[in-house]
Amino acid sequence: MELTQNTILITGGTSGFGYQFASQLLALGNTVIITGRDQSKLDQTKKQLPQVHTFQSDVSDPNAIIQLYKNVTQQFPELNILINNAGEMRTINLQDPTIDLQNITREIEINLMGPIRMIQQFLPHLKTKKTAAILNVTSGLALVPFPISPIYGATKSGLRSYTKSLRVQLKNTNIKVFELVAPGANTLLNDKFENMDGFDSKNNMEPDKIVQAAIKGLETNKLEIYPGIANVIKIMSRIAPKFALSQTSKVGAKMMQ
Ligand SMILES: NC(=O)c1ccc[n+]([C@@H]2O[C@H](COP(=O)([O-])OP(=O)(O)OC[C@H]3O[C@@H](n4cnc5c(N)ncnc54)[C@H](OP(=O)(O)O)[C@@H]3O)[C@@H](O)[C@H]2O)c1
């Protein structure tokens, strides 16, 4: 699809991939709207990218999504692309007796229910556009579990499954459904792993390179985009899934005992 002169909503646009999407899509001549929870980070991003439009909105809050929909479609009726990027990743020891039942599922609310609700809310609007697209950001960890972040992996596998179903259901519409299966990247999301046993950041990519690959994928209608090592993870998950899991199980092994 043409990636110029679109109106694009990106959830979580204040750092990492979301910031890169905003910056690169603005440079291509699109109108770009970003969200995030932290107003100071939105203000900072607006300083760095003066053309970007910002809305404070928490993707895990259904009422905030309804309000966001009203505000965005009123101010930007040409909206035709939704990028579900906002996400959180935590390290969790499932044997920790202090974990409470509300808190344990927080990543599901953000990473899985967030995109599902956003799409449900924006779908009728996107269907009115001549060309439209939805891009969901999953992860190589949708393909191989990452035991130290058990809920995160579950959300990304779930989002991948949902994305495939969505693509089938929308196949006769104007809306193309893309998935970015992102490999590990040097973003704030990964800071917590820096000094963890078994973690090696040398294979991490820079987020700008991953987003360049994603944009190329959108432009060439590649519906599943696997930048860099994500391709290797895809192959390993098929031909050697036990080996792949043994490798990811090394990270944070001490914390999981
Ligand atoms: N980094 C990696 O290695 C990697 C690999 C594969 C996939 N991914 C995926 O890529 C996406 C972006 O991650 P990143 O690495 O760029 O992380 P990041 O640098 O931490 O950025 C996350 C962005 O999402 C926003 N956000 C978080 N929770 C939100 C919520 N509930 N509502 C609205 N916005 C929210 C954050 O702003 P606020 O905190 O202000 O809300 C921030 O703008 C995520 O879906 C992540 O799972 C990352």
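Structure: above.
Just so it is clear, the structure is predicted and the values come from calculations on it, not from any experiment. (Residues numbered from 1 in each chain as written. Predicted model: local features only at pLDDT ≥ 70, side-chain atom pairs only at ≥ 80, totals over all residues. Heavy atoms only, no water.)

## What about the pairing of strand 5 (residues 132-139)?
Two faces make up the sheet, and in a regular strand the side chains alternate between them.
Here's step 1: Among the eight residues of strand 5, eight are classified as buried, and the element is accordingly described as predominantly covered.
Here's step 2: Side chains A132, I134, N136 and T138 project from strand 5 onto one buried face, and the interleaved A133, L135, V137 and S139 project onto a second face that is buried too.
Here's step 3: Bridging between strand 4 (residues 81-84) and strand 5 involves four bridges; their strand directions are parallel. In the strand pairing of strand 5, N84 is matched with N136.
Here's step 4: Examined bridge by bridge, strand 5 and strand 6 (residues 175-182) share eight bridges and lie parallel to one another. Considered in strand 6, the bridge of V137 is made with L180. (Buried < 20%, exposed > 50% of the residue type's maximum accessible area, 1.4 Å probe, protein only. Helix = DSSP H or I, 4+ residues; strand = E, 2+ residues; numbered from the N terminus. Pairing = 2+ DSSP bridges.)

## As for helix 7 (residues 230-239)
Here's step 1: By the burial criterion, the buried members of helix 7 are A230, K234 and S237. Buried residues of helix 7, seen end-on, are gathered within an arc of 70° and therefore sit on one face of the element.
Here's step 2: At its buried positions, helix 7 is contacted by strand 6 and helix 8 (241-248). (Arc of directions from axis to C-beta. Contact = heavy atoms within 4.5 Å.)

## Side note on the pattern of salt bridges
Here's step 1: The tally for this structure, following the rule as stated, stands at 10 salt bridges.
Here's step 2: Among the salt bridges present, the one from E88 reaches R37, with a minimum N-O distance of 3.5 Å. Of this pair, E88 sits in the loop between strand 4 and helix 4 (106-127) while R37 is found in the loop between strand 2 (31-36) and helix 2 (39-48), placing the two residues 51 residues apart along the sequence.
Here's step 3: Given the relative accessible area of 14%, E88 is considered buried.
Here's step 4: For E224, the salt bridge identified is with K164, shortest N-O distance 3.0 Å. Highlighted residues: E224 in strand 7 (residues 224-225) and K164 in helix 5 (residues 150-169), separated in sequence by 60 residues.
Here's step 5: A single salt-bridge network, built from bridges that share partners, covers R160, K164, R167, E179 and E224. (Salt bridge = Lys/Arg side-chain N within 4 Å of Asp/Glu carboxyl O.)

## Let's talk about the pairing of strand 2
Here's step 1: For strand 2, the tally of buried residues reaches five of six residues, placing the bulk of the element in the interior.
Here's step 2: Note: strand 1 (residues 7-10) against strand 2, four bridges, orientation parallel. From the neighbouring strand, I10 faces strand 2, where its bridge partner is I34.
Here's step 3: In this fold, the crossover linking strand 1 to strand 2 by way of helix 1 (residues 16-27) has right-handed handedness.
Here's step 4: Assessed by its sense of winding, the connection that carries the chain from strand 2 through helix 2 to strand 3 (residues 53-56) is right-handed. (Right-handed = clockwise from strand over helix to strand, strands pointing away.)

## With respect to the site of the ligand
Here's step 1: Close to the ligand lie 30 residues, the nearest being T14, N85, Y152, T187 and N190.
Here's step 2: One of the backbone N or O atoms of G12 is found 3.5 Å from an oxygen atom in the ligand.
Here's step 3: A distance of 2.6 Å is found between an oxygen atom of the ligand and a side-chain nitrogen or oxygen belonging to T14.
Here's step 4: Burial of the ligand by the protein amounts to 95% of the accessible area it has alone, namely 890 Å². (Near = heavy atom within 4 Å. Polar contact = N/O pair within 3.5 Å; in protein donor to acceptor, adjacent residues only side chain to side chain. Areas by Shrake-Rupley, 256 points an atom, 1.4 Å probe, with all protein chains shown as cover.)

## Let's talk about helix 5
Here's step 1: The end-to-end C-alpha distance of helix 5 is 29 Å, a good match for the 28 Å that 20 residues give at a rise of 1.5 Å each.
Here's step 2: Within helix 5, burial applies to I151, Y152, G153, T155, K156, L159, R160, Y162, T163, L166 and R167.
Here's step 3: Tucked into the core, helix 5 has its buried residues touching helix 4, strand 5, strand 6 and strand 7. (Expected span 1.5 Å × (residues − 1).)

## Examining the packing of aromatic side chains
Here's step 1: Per the stated rule, a full pass over the model turns up three aromatic pairs.
Here's step 2: An aromatic cluster is defined as three or more aromatic residues linked by ring pairs; in this entry it consists of F146, F193 and F199.
Here's step 3: Its guanidinium or amino end placed over the ring of Y226, K234 lies 4.1 Å from that ring's centre, counting from NZ or CZ. (Phe/Tyr/Trp six-rings, centres within 6.5 Å; stacked < 30°, edge-to-face > 60°. Lys NZ or Arg CZ within 6 Å of the ring centre and 35° of its normal.)

## Digging into the sheet that holds strand 6
Here's step 1: Strand order in this open sheet of seven strands is 3-2-1-4-5-6-7, and the pairing throughout is parallel. Both edges of this open sheet fall to strand 3 and strand 7, since each of them pairs with a single strand only.
Here's step 2: Where strand 2 lies against strand 3, four bridges are found, and the strand directions are parallel. For I34, the partnering residue across the bridge sits in strand 3 and is T54.
Here's step 3: Against the sheet, helix 6 (residues 207-219) contacts strand 5, strand 6 and strand 7, and its axis sits at roughly 155° relative to strand 6. (Axes fitted to C-alpha atoms, helices over the stretch in contact; angles between N-to-C directions.)

Geometry only, nothing functional implied.
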